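Structure assessment
Below, each chain spelled out in residue letters.
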Amino acid sequence: MSSLILMQLLLLGLRVIDATTDTWRHCTDLLPLDLLSFVLERDTSKLVPGVQMRQAGGVRGVHFSSPHTSMSFPSSQLLVNCDLFPKEFSIVVTLKVTNIAPKRNEYIFSLMEPKTGEKGDILDSNKNRGISGEEDHGEEKKKERQVKSNDEHGRTILGLRFSRKYLHFLFKGHGGVMEHWVFRGARLADNQWHTLVLTVSGQHVRLTVDCNSPLEIIPSRPFPSDLNIQGSRFHIGSRGRWKGLFSGLLRQLVLVPGSDATNQICPSSDPQLAALSVPPLLLDLPVSGREGDSHLTTHETEERVSVGLERTCSELLQGQLWFSPLRKGLYLCDGTVWITVLEDHKRLDYVMEHQVLTTSSETHDVEVFQVAGMGVMAALAHRSKTSGSAVYLWTQSGFKLYQNFTTHEALVWRHFNMGKKVFLVVSNSGGGPNNHFNKESETDFSVIYKWSKRRKKFVQFQSLQTHCARDWEAFTINRQTYLAVANHRQGNNNHTINSVIYKWNRSTKSFEVHQMLPTSGAYDWEFFTVGPYHFLVVANAFDGVTTSVDSVIYVWVNGGFQVFQTIKTFCATDWEMFQIGSRVFLVVANGHRLHGNGPSRYAINSTIYELDMNGQLFVRFQDIITYSAVDWEFFSLGEEHFLVVANSFNGESYSLNSILYRWQGYEGFVPVHWLPTIGCSDWEFFSFKGESYLIYSSAKAPLSKVFKLKTY
């Protein structure tokens, strides 16, 4: 009877695989998928059931106490709009394993077919709890073999597991049979941290351990290009049952479709802990053990004192002591708030609220600039159709209203200078001062204002026809001034339109069209210069069907911009260029993932890219999970460098934390402060008389807030 059932399953698998090759969608051009963060961050206040956080050698990882359903999720939640598994990919893992039984195999992760009622799964855990996970005695001696019996054959689509001496990558190959690729000599059960990169590319399969020379095998058959994953589920640390449950510590688990991740994390100054994407819960490192404890070989002990900047007190950290170098204080977490044990009251908080600026309506954008003889000013683009927008002047008590403007659903302000002359340009999405929005012409007008020294106010200078312009960018090349407008859409549906580069005509004293560039729901322009080269990058957000579109970096050649590089983004809303030393970076704010009528995902990675001077292109440097991010702002204080992100929506609420990150060298940017915001739409950094500030605008509440950065 069992043979008949097996034959039916094989025939069904062959039929399904044959049907996919022409019509099903491949997984390509995806960002790295942080599988571990995805399950741990469902509730950031506590760990999910079945998981414990432990420390070994001052480094945190998670330990699996059971194959709980919380560590499983449908593959469609990450591999969006994909029917087939990527045919080329990398898997990055950081783990620590103690000695295990010679015949035991443990799963780092697995991808399983839907359950068909077989026994032995999580629901039958009590019955199987005493089973240690022994497999067929001759398994480790067979490389690349096909397995047709054994219970994993029925449901396992793909999995990564290890034994004492070997690492096994298994998957459902051609004909529905299980295939094994075995790396010998990968001795991972040595009670040490290790970072592995498994790369599957064409005819080659490589395993890199701790950035050393890779182990390589050439399989007789390549990884299948038609591996059906419809209805499948990821299981982290198991295959959904007690047998084969991972017994070590797991710190990092990332799937990188379509690329070799080795170059992204190697070389590394700490190759055993080389990081591509580590869950935030595991980033705050507790104090290392005392010297007398350096001989400990288990991860059961964890120090109860952590050192660093402010973090959230939660049930997870209950009983934890925290020492703040900035406050010079010692605090105890009671599960909800930090209770002061000792504190130097001479120091205040690292970031403190300075002003709540009440505005006439919600605000899409804030632009901070200076006018000679006046001081610091801020232009706020108000959402209202009737109350217009305003410019505020900085005073000792904060920003005060200085000048009102007639605007129509303003989206953005940009300031620029030409010589000693000061200008502002505002984007209207509902018309202009002389022309209300016309649905038939599907146009609106943006307005340039010029500062009048005599009248001490901005006066209208020129109007330009635009299409729901989301951004203006001013720049100078060879002493010529240009303005780039990001036209987002024409009417309600046409997002694939031209954005325009304008050039200042000194004879007519006006801006005229210089170049048209095709864009898809353009949201932002960013101009920057590297050496003798001038670049302009556009954030493309939507092509009318999907938010998975290419954003484009242009380079200036012979009086115009030409394509330099394209980067896949997901509703890109902002680019921010910055330099640290001689290194050049670009960070993109990814808003959300959407395809057709499918659901939107707002918790996704935004990515920092670094310019590879030798390869002459931008390469991925770091992924940071964000929540419908709409802006990045880079700034420096002394020798320290920071990024702050505008998180606007998490799928349920507009009230959430925007996060301040600090540059930590080879570790990249790490979170150091959480700032409560409501529908955050923009951040701006500014300084005045030696003091430093941040201001954010809210697209969901009639207010903006100013924070003061304590630097002493």
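Up top is the structure these notes are about.
Here we summarise the structure given alongside this text. Note that the structure is a prediction, hence the values are computed from the model and not measured.

Observations concerning the nonpolar core
- Core analysis: the largest hydrophobic core is formed by 58 residues, its most contacted members being Phe169, Ile236 and Leu250.
- It is helix α2 (residues 35-40) that contributes the most residues to this core, five residues altogether.
- Those residues within four positions of isoleucine 236 in sequence are excluded, and the remaining contacts are Leu35, Leu36, Val39, Phe64, Met71, Phe73, Ile108, Phe109, Leu250 and Leu253.
- The next biggest cluster of nonpolar side chains, apart from the first, holds 23 residues, and it includes Phe528, Trp575, Val584 and Leu586.

What about the environment of arginine 506?
- Summarising the element assignment, arginine 506 is placed in the loop between β33 (496-505) and β34 (510-520).
- In this structure, the C-alpha to C-alpha distance between arginine 506 and threonine 481, residues 25 residues apart in sequence, is 9.8 Å.
- Among all residues touching arginine 506, those that are not within four sequence positions of it are Arg479 and Gln480.
- Of note is the side chain of arginine 506, whose polar atom sits 2.8 Å from the backbone oxygen of arginine 479.

Quick notes on the pairing of strand β42 (residues 617-627)
- Here strand β41 (residues 603-612) runs beside β42; their pairing, made up of ten bridges, is antiparallel. What sits directly across from leucine 611, in β42, is phenylalanine 618.
- Here β41 hands over to β42 after four residues, with glutamine 616 in that stretch at a positive phi of 55°.

Thoughts on the sheet that holds strand β46 (residues 669-678)
- If you walk across this open sheet you meet the four strands as β43-β44-β45-β46, and the pairing is antiparallel. With partners counted over all chains shown, the strands left at the sheet margins are β43 (629-637) and β46, one partner each. Pairs of neighbouring strands in the sheet enclose a mean axial angle of 20°, with direction left out of account.
- Two elements, strand β44 (residues 640-647) and strand β45 (residues 655-663), share three bridges in a ladder whose sense is antiparallel. Its bridge partner being in β45, valine 644 is matched across the sheet by leucine 660.

Digging into the packing of aromatic side chains
- Within the structure shown, the criterion is met by 57 aromatic pairs.
- Considering the side-chain rings of phenylalanine 578 and phenylalanine 634, the 4.5 Å spacing of their centres and the 15° angle between planes classify their relative orientation as stacked. Of this pair, phenylalanine 578 sits in strand β39 (residues 572-580) while phenylalanine 634 sits in strand β43; the two residues are 56 residues apart in sequence, bridging distant segments of the chain. For the residue pair phenylalanine 578 and phenylalanine 634, the accessibility class agrees, reading buried in each case.
- Among the aromatic residues, those joined into a ring-pair cluster are Phe369, Tyr402, Phe405, Trp413, Tyr449, Trp451 and Phe458.
- When the ring centre of phenylalanine 570 is taken as origin, the NZ or CZ atom of arginine 593, which lies over that ring, is 4.5 Å away.
- The ring centre of tyrosine 654 lies 4.6 Å from the NZ or CZ of lysine 700, which sits over that ring.

Quick word on the sheet that holds strand β49 (residues 703-709)
- The strand order β20-β49-β48-β47 describes an open sheet built from four strands, whose pairing is antiparallel. A single partner strand is all that each edge strand has here, and the edge strands are β20 (351-358) and β47 (680-688). When the angles between neighbouring strand axes are averaged without regard to direction, this sheet yields 25°.

Comments concerning the side chain of glutamine 462
- In this fold, glutamine 462 is placed in strand β30 (residues 457-466).
- Take glutamine 462: its relative accessible area is 13%, and that puts it in the buried class.
- Polar contacts involving the side chain of glutamine 462 include one to the main-chain amide nitrogen of phenylalanine 511, which spans 3.0 Å.
- Apart from the residues lying within four places of it in its own chain, the contact partners of glutamine 462 are Ser446, Val447, Ile448, Ser510 and Phe511.

Some details on a nonpolar patch on the surface
- A cluster of nonpolar side chains, namely Leu332, Val337, Ile339, Val341 and Leu342, defines an oily patch on the protein surface of about 410 Å² accessible area.
- With three residues, the single largest contributor to the nonpolar patch is strand β19 (residues 338-343).
- Residue classification places isoleucine 339 among the partly exposed residues on the basis of a relative accessible area of 40%.

A look at the side chain of glutamate 633
- Residue position: glutamate 633 is located in strand β43.
- At 8.2 Å, arginine 414 is the nearest oppositely charged side chain to glutamate 633, a buried residue that forms no salt bridge.
- Not counting residues up to four positions away in its chain, the partners in contact with glutamate 633 are Glu576, Phe642, Leu643, Val644, Trp683, Glu684 and Phe685.

Reading guide: rules and limits
- Residues numbered from 1 in each chain as written.
- Predicted model: local features only at pLDDT ≥ 70, side-chain atom pairs only at ≥ 80, totals over all residues.
- Heavy atoms only, no water.
- Core = buried A, V, L, I, M, F, W, Y, C linked by side-chain atoms within 4.5 Å.
- Buried < 20%, exposed > 50% of the residue type's maximum accessible area, 1.4 Å probe, protein only.
- Helix = DSSP H or I, 4+ residues; strand = E, 2+ residues; numbered from the N terminus.
- Contact = heavy atoms within 4.5 Å.
- Polar contact = N/O pair within 3.5 Å; in protein donor to acceptor, adjacent residues only side chain to side chain.
- Pairing = 2+ DSSP bridges.
- Axes fitted to C-alpha atoms, helices over the stretch in contact; angles between N-to-C directions.
- Phe/Tyr/Trp six-rings, centres within 6.5 Å; stacked < 30°, edge-to-face > 60°.
- Lys NZ or Arg CZ within 6 Å of the ring centre and 35° of its normal.
- Patch = residues over 30% accessible without salt bridge, like charges linked within 9 Å, V, L, I, M, F, W, Y side chains within 5 Å.
- Areas by Shrake-Rupley, 256 points an atom, 1.4 Å probe, with all protein chains shown as cover.
- Salt bridge = Lys/Arg side-chain N within 4 Å of Asp/Glu carboxyl O.
- Lys, Arg positive; Asp, Glu negative; His and termini not counted.

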